[in-house]
Amino acid sequence: FNSLQVVSLEVSHVQLKPVSVGVSGVVMQGAEVSATAKPFFVLPQRLSEDLLVSALEEAQRLQMDDHEDEADWLPAYETYVMEKATMDTLDQGLRSAVIALEQAALPLVQKAYDCPTCVSCTGFVRRYLPQERMRVPPHFDITAYATIILPLSPPQNYTGGFFVQPTAHVDSRRFVPLGLGDLVVHDFTLNHGIEVLHGGRYSLILWISETLEACHGSHTPWHAQRARDGDAVAQHLLGMMFSHGNGAPQDDLRALEWTLLAATNGLANAQFSAGTMYFEGKGAPEDYNRSFYWYEKAAEQGDASAQIIVARMYWEGLGSPADSELAAYWYRLGSLQAAKGVALSGPQWLLYS
Ligand SMILES: O=C(O)CCC(=O)C(=O)O
Ligand SMILES: [Fe+2]
């Protein structure tokens, strides 16, 4: 149960189809989205090369924060350029890039995601370099109603980059090819991530709030009603917010409640979280049977970490009868994905000891 070898991911690309959207004219719509996700869009070449060159130079000089990233709790290597809808003091290139980005994409956000009151709330620059951070694992943006992404680095500086992943299995991962000045627009229902395979990449990201009021109060009111209406992604995100005390008070009971609703609605990310919460006794007494039940559901949907954990639980007879054949079966599936470079997460004892 150790030494998972890491080899490179195969790169396959998402199919983009031209569509016409309101005031923004022709944009490219991604076809590889999950059942719950709204479409995402690529706006081709909305920023000039000159602007991108100076914005990239300035981004390279920025001091990066090492606070924890909300997708994997490792140092983020990001720097805020806008907070609560107010732009920080920035050099000319980055400042112009933020303004141009908003002008190019906010009308599309308002139209495509049906929110005329949407505003840019939070902006940040991210850096992906070898030895620091080369990935953000698949996730939903917790505190944004919608997101606008501009890679500042030209495509020849790196391979890989932004991907979407409709299922929990890495084989459903599709990279979105982005040329110089292309932007991505997506909403909170899109499971996405970053995997830089070679080289280095800088990006400029705007998180959009549904209203200025929500932005100023650091609230995400759009999740509450949707979660009550049965949207599994919104339920999962509320669960994460209560669990981590991010955008909501820390509250394990409510975290488990929302997570179980999302898990019951079939969202693999939530099934994995439910497994971990029962394993660690968060929001409910420690319960290996329930933990195993939810981990196995996530494993069946293709989640690599869940597959390794379920293997371990079958091996130990933890929450299930001991079964070395099933342990080997799940271990093989999980390690095949780990060998493709998928980062594993979860209780360390279940993954690695
Ligand atoms: O760096 C990017 O292009 C996007 C990163 C991302 O998905 C995030 O910070 O939530
Ligand atoms: Fe994201």
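Going by the structure above, here's the rest.
Let me sum up the structure you'll find in this document.

Quick notes on the rules
Residues numbered from 1 in each chain as written. Chains lettered and ligands numbered in written order. Predicted model: local features only at pLDDT ≥ 70, side-chain atom pairs only at ≥ 80, totals over all residues. Heavy atoms only, no water. Donors = N, O, S within 2.8 Å, 3.2 Å for Na, K, Ca; no water. Buried < 20%, exposed > 50% of the residue type's maximum accessible area, 1.4 Å probe, protein only. Axes fitted to C-alpha atoms, helices over the stretch in contact; angles between N-to-C directions. Helix = DSSP H or I, 4+ residues; strand = E, 2+ residues; numbered from the N terminus. Parallel < 35°, antiparallel > 145°, perpendicular 65-115°, else oblique. Left-handed = near helix turned anticlockwise from the far one by under 90°. Contact = heavy atoms within 4.5 Å. Nonpolar A, V, L, I, M, F, W, Y, C, P; charged D, E, K, R; others polar. Near = heavy atom within 4 Å. Polar contact = N/O pair within 3.5 Å; in protein donor to acceptor, adjacent residues only side chain to side chain. Areas by Shrake-Rupley, 256 points an atom, 1.4 Å probe, with all protein chains shown as cover. Core = buried A, V, L, I, M, F, W, Y, C linked by side-chain atoms within 4.5 Å. Domains from an automatic or database assignment. Phe/Tyr/Trp six-rings, centres within 6.5 Å; stacked < 30°, edge-to-face > 60°. Expected span 1.5 Å × (residues − 1). Arc of directions from axis to C-beta. Pairing = 2+ DSSP bridges. Disulfide = S-S within 2.5 Å.

1. Observations regarding the coordination of the iron ion (ligand 2)
Donor atoms from the polypeptide that bind the iron ion (ligand 2) are His139 (NE2), Asp141 (OD) and His192 (NE2), placed at 2.1 Å. With a relative accessible area of 5%, Asp141 lands in the buried category.

2. As for the packing of helix 7 (residues 268-280) against helix 8 (residues 288-300)
Taken N-terminus to C-terminus, the directions of helix 7 and helix 8 make an angle of 160°; their axes are 7 Å apart at the nearest point. Between helix 7 and helix 8, the angle falls in the class roughly antiparallel. Considering the relative orientation of helix 7 and helix 8, their crossing is left-handed. Facing Ala268, Gln271, Phe272, Ala274, Gly275, Thr276, Tyr278 and Phe279 of helix 7, the residues of helix 8 in contact are Tyr288, Arg290, Ser291, Trp294, Tyr295, Lys297 and Ala298. Residues that form the contact of helix 7 with helix 8 fall into these classes: nine nonpolar, four polar and two charged.

3. Here's the deal with the site of ligand 1
The local shell around ligand 1 consists of Phe124, Arg126, Tyr128, His139, Asp141, Ile149, His192, Ile194, Arg201, Ser203 and Ile205. Contact between ligand 1 and Tyr128: an oxygen atom at 2.5 Å from a side-chain N or O atom of the residue. The side chain of Asp141 places a nitrogen or oxygen atom 3.0 Å from an oxygen atom of ligand 1. In isolation ligand 1 has 300 Å² of accessible area, and contact with the protein removes 96% of it.

4. Looking at the nonpolar core
Counting residues in hydrophobic clusters, the biggest one holds 68 residues, and the most contacted among them are Phe41, Val109, Leu152, Val185 and Leu204. Each of domain 1 (16-214) and domain 2 (220-352) accounts for three or more of the residues forming this core. The contacts of Leu204, once residues within four sequence positions are left out, are Val81, Ala97, Val98, Leu101, Phe124, Val125, Ile148, Ile149, Leu150 and Leu152. Leu9, Phe175, Val310 and Met313 belong to the second-largest nonpolar core, a separate cluster that totals 26 residues.

5. Details of the packing of aromatic side chains
Tallied over the entire structure, the rule returns 12 aromatic pairs. Note on Tyr80 and Phe124: the rings are 6.1 Å apart at their centroids and 65° apart in plane angle, and the pair reads as edge-to-face. In this pair, Tyr80 sits in strand 4 (residues 78-83) while Phe124 sits in strand 6 (residues 119-128), placing the two residues 44 residues apart along the sequence. Given a relative accessible area of 27%, Tyr80 falls into the partly exposed group. Between Phe163 and Phe175 the ring centres are 5.8 Å apart and the planes differ by 70°, which places this aromatic pair in the edge-to-face class. A residue pair is termed long-range when its members are at least 10 positions apart, and Phe163 in strand 9 (residues 158-164) and Phe175 in strand 10 (residues 174-175) qualify at 12 residues. For Phe163, a relative accessible area of 0% gives the class buried. Take Phe175: its relative accessible area is 2%, and that puts it in the buried class.

6. Re the packing of helix 8 against helix 9 (residues 304-316)
Interhelical geometry of helix 8 versus helix 9 gives an angle of 140° and a closest axis separation of 8 Å. With respect to each other, helix 8 and helix 9 are oriented oblique. Here helix 8 runs over helix 9; the crossing is left-handed. Taken together, the residues of helix 9 that come into contact with helix 8 (itself represented by Tyr288, Ser291, Phe292, Tyr295, Glu296, Ala298 and Ala299) are Ala306, Gln307, Ile309, Val310, Met313 and Tyr314.

7. Things to note about helix 1 (residues 49-61)
With 13 residues, helix 1 should cover 18 Å at 1.5 Å per step; its first-to-last C-alpha distance of 19 Å lies within 8% of that length. Every buried residue of helix 1 is accounted for by Leu51, Leu52, Ala55, Leu56, Glu58 and Ala59. Taken end-on, helix 1 shows its buried residues confined to a sector of 165°, consistent with a single buried face. In helix 1, the exposed positions that point more than 90 degrees away from the buried face belong to Glu49, Asp50 and Arg61. The secondary structure elements touched by the buried residues of helix 1 are helix 2 (92-112), strand 6, strand 8 (146-151) and strand 13 (201-209).

8. Thoughts on the sheet that holds strand 12 (residues 192-199)
The four strands are arranged 7-12-9-10 in an open sheet whose pairing can be described as antiparallel. Each having just a single partner strand, strand 7 (135-139) and strand 10 make up the two edges of the open sheet. As defined by bridge partners, strand 9 adjoins strand 10 across two bridges and the pair is classed as antiparallel. Within strand 10, the residue paired with Val164 across the bridge is Arg174.

9. Overview of the state of the cysteines
Here the structure, examined in full by the defined rule, presents two disulfides. With a sulfur-sulfur separation of 2.1 Å, Cys115 is cross-linked through a disulfide to Cys118. Here the disulfide of Cys115 and Cys118 is left-handed, its torsion about the S-S bond being about -105°. Residue classification places Cys118 among the buried residues on the basis of a relative accessible area of 2%. Residue Cys121 pairs covalently with Cys215 via a disulfide, S to S 2.2 Å. The chirality of the disulfide connecting Cys121 with Cys215 is right-handed, given an S-S dihedral of about 90°. Remark: Cys215 occurs in helix 3 (residues 212-216) and Cys121 occurs in strand 6; sequence separation between them is 94 residues. Of the two residues, Cys121 and Cys215, both sit in the buried class. Look at the chain and number its bonded cysteines as they come in the sequence; the links are 1-2, 3-4.

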